[in-house]
Amino acid sequence: MAQVRALKEIMALLSANSTAAVNSSDTRMAGCLLIGIPGLEHLHIWLSIPFCTVYVAALAGNSILICVILSQPSLHEPMYIFLSMLASADVLLSTSTMPKALANFWLGSSHISFDGCLTQMFFIHFLFVADSAVLLAMAFDRYVAICSPLQYAIILTNTVIGKIIAATLIRSFIIMFPSIFLLKCLHYCQINIITHTFCEHMGIARLSCSDISINVWYGLAAALLSTGLDIILIAVSYIHILRAVFHLPSRDARSKALSTCSSHVCVILVFYIPALFSVFAYRFGERRIPRYVHILLANLYVVVPPMLNPIIYGMRTQQILEGAKQMFSNLAKKSR
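Residues numbered from 1 in each chain as written. Predicted model: local features only at pLDDT ≥ 70, side-chain atom pairs only at ≥ 80, totals over all residues. Heavy atoms only, no water.

A few points about the packing of helix α3 (residues 44-71) against helix α4 (residues 78-95)
Rule in force here: Here an angle of 0 to 180 degrees is reported between the N-to-C directions of two axes, which are lines fitted to C-alpha atoms, with helices fitted over the stretch in contact. Elements are defined by DSSP. Helices are runs of H or I of four residues or more, strands are runs of E of two residues or more, and each kind is numbered from the N terminus. Roughly parallel means an angle under 35 degrees; roughly antiparallel, over 145; roughly perpendicular, 65 to 115; everything else is oblique. It is the rotation of the near helix from the far one that decides the hand of a crossing: anticlockwise by less than a right angle makes it left-handed, clockwise makes it right-handed. The criterion used for residue contact is that any of the two residues' heavy atoms lie within 4.5 Å.
Closest axis-to-axis distance for the α3/α4 pair is 9 Å, and the angle between their directions is 155 degrees. With respect to their mutual orientation, α3 and α4 come out roughly antiparallel. Crossing hand, α3 versus α4: left-handed. Counted together, Y55, L59, N62, L65, I66 and I69 of α3 and Y80, L83, S84, A87, S88, D90, V91, S94 and T95 of α4 form the full contact between these two elements.

Some details on the pattern of salt bridges
Let me state the cut-off plainly: Every case where a carboxyl oxygen of Asp or Glu lies within 4 Å of a side-chain nitrogen of Lys or Arg is listed as a salt bridge. Only protein chains enter the accessibility calculation, which uses a 1.4 Å probe; a residue whose area is less than 20% of its type maximum is buried, one above 50% is exposed, and one in between is partly exposed.
For the structure on display, the rule yields three salt bridges. The partner of D230 in a salt bridge is R171, and the shortest N-O contact between them spans 2.8 Å. Taken as a pair, D230 in helix α10 (residues 213-246) and R171 in helix α8 (residues 158-184) lie far apart in primary sequence, 59 residues in all. Given a relative accessible area of 22%, R171 falls into the partly exposed group.

Here we look at the sheet that holds strand β2 (residues 111-112)
In plain terms, the rule: Pairing between strands is defined by DSSP: at least two bridges between the two strands are required.
Across the sheet, three strands lie side by side as β2-β1-β3; this open sheet has mixed pairing. What marks the edges here is a single partner per strand, and that holds for β2 and β3 (192-194). Note that strand β1 (residues 32-34) and β2 share two bridges and pair antiparallel. When the bridges of β2 are listed, C32 appears paired with I112.

Quick notes on the state of the cysteines
Put simply, the rule reads: Whenever a pair of cysteine sulfur atoms sits within 2.5 Å, that pair is classed as a disulfide.
Per the counting criterion, the structure on display carries two disulfides. C117 shares a disulfide with C199; S-S distance 1.9 Å. When the S-S torsion is -110 degrees, as for the bridge of C117 with C199, the disulfide is left-handed. Placement of the pair is C117 in helix α6 (residues 114-147) and C199 in the loop between β3 and α9 (201-205), with a sequence separation of 82 residues. C199 shares its class with C117; the two are buried. Disulfide pairing is shown between C189 and C209; the S-S distance is 1.7 Å. Torsion about the S-S bond of the C189 and C209 cystine: about -100 degrees, corresponding to left-handed handedness. Pair noted here: C189 is in the loop between α8 and β3 and C209 is in the loop between α9 and α10, with a separation of 20 residues, a long-range link. With a relative accessible area of 38%, C209 lands in the partly exposed category. Within the protein chain, bonded cysteines paired by disulfides and numbered along the sequence follow the pattern 1-3, 2-4.

This is the structure in structure tokens:
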């Protein structure tokens, strides 16, 4: 019923703009219809419960992590600065998708303007690329800390960290901003129904009546030059790290070095494995795997890693645990 109401809303918008539609034969003015999870519309209310729970947990966990790092001077080190960047990107990534998805599940609010859809698409992909770059920066931090410990403070200065942050944001913007113009240049001549809970690049491109070959190739190139390159560089970093660790003379030193990297490795696996599985399943298993499975995986991907990252670092990093205890202790003292 919610989808029927939204479809009527789009038809009303098309009718209201009939003169412009006739002149331009372009349906962008009517906006887009996000139908949610196809085939599971009758379960939207029930599905919203775990999604909302995980989203709230992700917001709370990452917010606490950011507050702990900012409030504790002992955590103002490169590793924790990058971790706070990762937490910030996670909050924004989940927030760019979940509120609209939950509004769809609860209220049947499926309609989104075309420009709003492009904006959501840009931020989702921008934050994903930024997340990947932050993980690469964290791998570089661990590489320097283990392979060149005596030069750690010299290499990772505040100036260098600032340049890494700026490069992360600039790269993400340069990679994703052209996709907006590529989508705007396409011609749209039908009702824009997206079988998803949020807008993404190829989902919008497939609505077009034009040739989308350039969008396909640009999307592939952007993925390879950002996430693909990051995965290769992270793998190379950890090959060097493992070689350095196993050449350490002391068994305790090897255990300590591996322990400092274990949290980051877990976060890397949580971030990349679902993403890669979703991409390959979408491209090569579209006929074998039901569409609703792809949509569920995509939605879980934008909330589950952000929820798990604070738990992984909080449970496995003693400095963060101590910082959290001290922060809450100080808050308790102030409230008395």
